[in-house]
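# Structural overview for review
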Amino acid sequence: MNITSANRAFYQTFRTSRDVTEGSHIYELGNRQWDIPALRTLLENVIPHRASVEGFESSNDFPTIGRRTMLVNARKIFRPGDSDGSILLAIEDVTEERVARAESKRNWQLTKSIVDTIRDPLVVLEHDMTIVTAARLS
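Residues numbered from 1 in each chain as written. Predicted model: local features only at pLDDT ≥ 70, side-chain atom pairs only at ≥ 80, totals over all residues. Heavy atoms only, no water.

As a further point, take the overall build of the protein chain. Tallying secondary structure elements over the protein chain gives 4 helices and 5 strands in all. Sequence-ordered secondary structure for the protein chain, helices as α and strands as β, is α-α-α-β-β-β-α-β-β. In terms of principal-axis extent, the alpha carbons of the protein chain reach across some 75 × 30 × 30 Å. Residue burial in the protein chain is summarised as follows: out of 138 residues, 24% are buried. Nonlocal contacts in the protein chain, meaning residues at least 24 apart in sequence, comprise 31% of its contacts between residues at least 6 apart. Approximately 9,700 Å² of the protein chain is accessible, and the part contributed by carbon and sulfur atoms is 50%. Counting 18 positive and 19 negative side-chain charges, the protein chain places the centres of these two groups 2 Å from one another. (Helix = DSSP H or I, 4+ residues; strand = E, 2+ residues; numbered from the N terminus. Buried < 20%, exposed > 50% of the residue type's maximum accessible area, 1.4 Å probe, protein only. Contact = heavy atoms within 4.5 Å. Areas by Shrake-Rupley, 256 points an atom, 1.4 Å probe, with all protein chains shown as cover. Lys, Arg positive; Asp, Glu negative; His and termini not counted. Charge placed at Lys NZ, Arg CZ, Asp CG, Glu CD.)

In structure tokens, the structure reads:
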């Protein structure tokens, strides 16, 4: 699980350098934020079982960028003469998306509670004029 290379986006996102990253063990990066037992199990099954990891989500505190939610995908890659195999690891920062989704859910719950407490007829419409919800009249 040693890192052989990373792309520029990785170095920019995690504010690190090639010297610090390449050759390091994935689980020892930063403050060991990638040493997650569930991720370790998933990644260690990729090479021997030709499995893949899709959509593993983890929220961690990163020393240089703070609390972030990352979505991890991994696949074994084959190269001639490489009997051990390598893993291509894709990491997507989904923090803002998760925050927006939670905010949207809170707003929807607030809207529903307001609609449910109104005693007069009320309808909430989508932009295409379809009804989303309506007040229940007693």
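Take the pairing of strand 2 (residues 66-77) next. Across 9 bridges, strand 1 (residues 52-62) lies against strand 2 in antiparallel orientation. Each bridged residue has a counterpart across the sheet, and for Ser-52 the counterpart in strand 2 is Arg-75. (Pairing = 2+ DSSP bridges.)

Here we have 3 strands laid out as an open sheet, ordered 1-2-3, and antiparallel in their pairing. Whereas interior strands pair on both sides, the edge strands pair on one side only; in this sheet they are strand 1 and strand 3 (86-93). When the angles between neighbouring strand axes are averaged without regard to direction, this sheet yields 30 degrees. Bridge count between strand 2 and strand 3: 8 bridges; the pairing is antiparallel. Bridge assignment links Leu-71 to a residue of strand 3, and that residue is Glu-92. Contacts from helix 4 (residues 95-117) reach strand 1, strand 2 and strand 3, with the element oriented near 120 degrees to strand 2. (Axes fitted to C-alpha atoms, helices over the stretch in contact; angles between N-to-C directions.)

Now for the side chain of Ser-58. Considering the arrangement of structural elements, one finds Ser-58 in strand 1. Setting aside residues no more than four positions away along its own chain, Ser-58 makes contact with Ile-36, Arg-68, Thr-69 and Met-70.

Moving on to the packing of aromatic side chains. For any pair of aromatic rings, geometry is given as the distance between the ring centres together with the angle between the planes. Per the counting criterion, the structure on display carries 2 aromatic pairs. With a centroid separation of 6.1 Å and 80 degrees between ring planes, the pair formed by Phe-10 and Tyr-11 is classed as edge-to-face. Accessibility classification places Phe-10 together with Tyr-11 in one group, the buried group. Ring geometry for Phe-10 and Phe-14: centres 4.8 Å apart, planes at 45 degrees, overall tilted. Among the aromatic residues, those joined into a ring-pair cluster are Phe-10, Tyr-11 and Phe-14. Positioned over the ring face of Tyr-27 is Arg-40, at 3.9 Å from the centre of the ring. (Phe/Tyr/Trp six-rings, centres within 6.5 Å; stacked < 30°, edge-to-face > 60°. Lys NZ or Arg CZ within 6 Å of the ring centre and 35° of its normal.)

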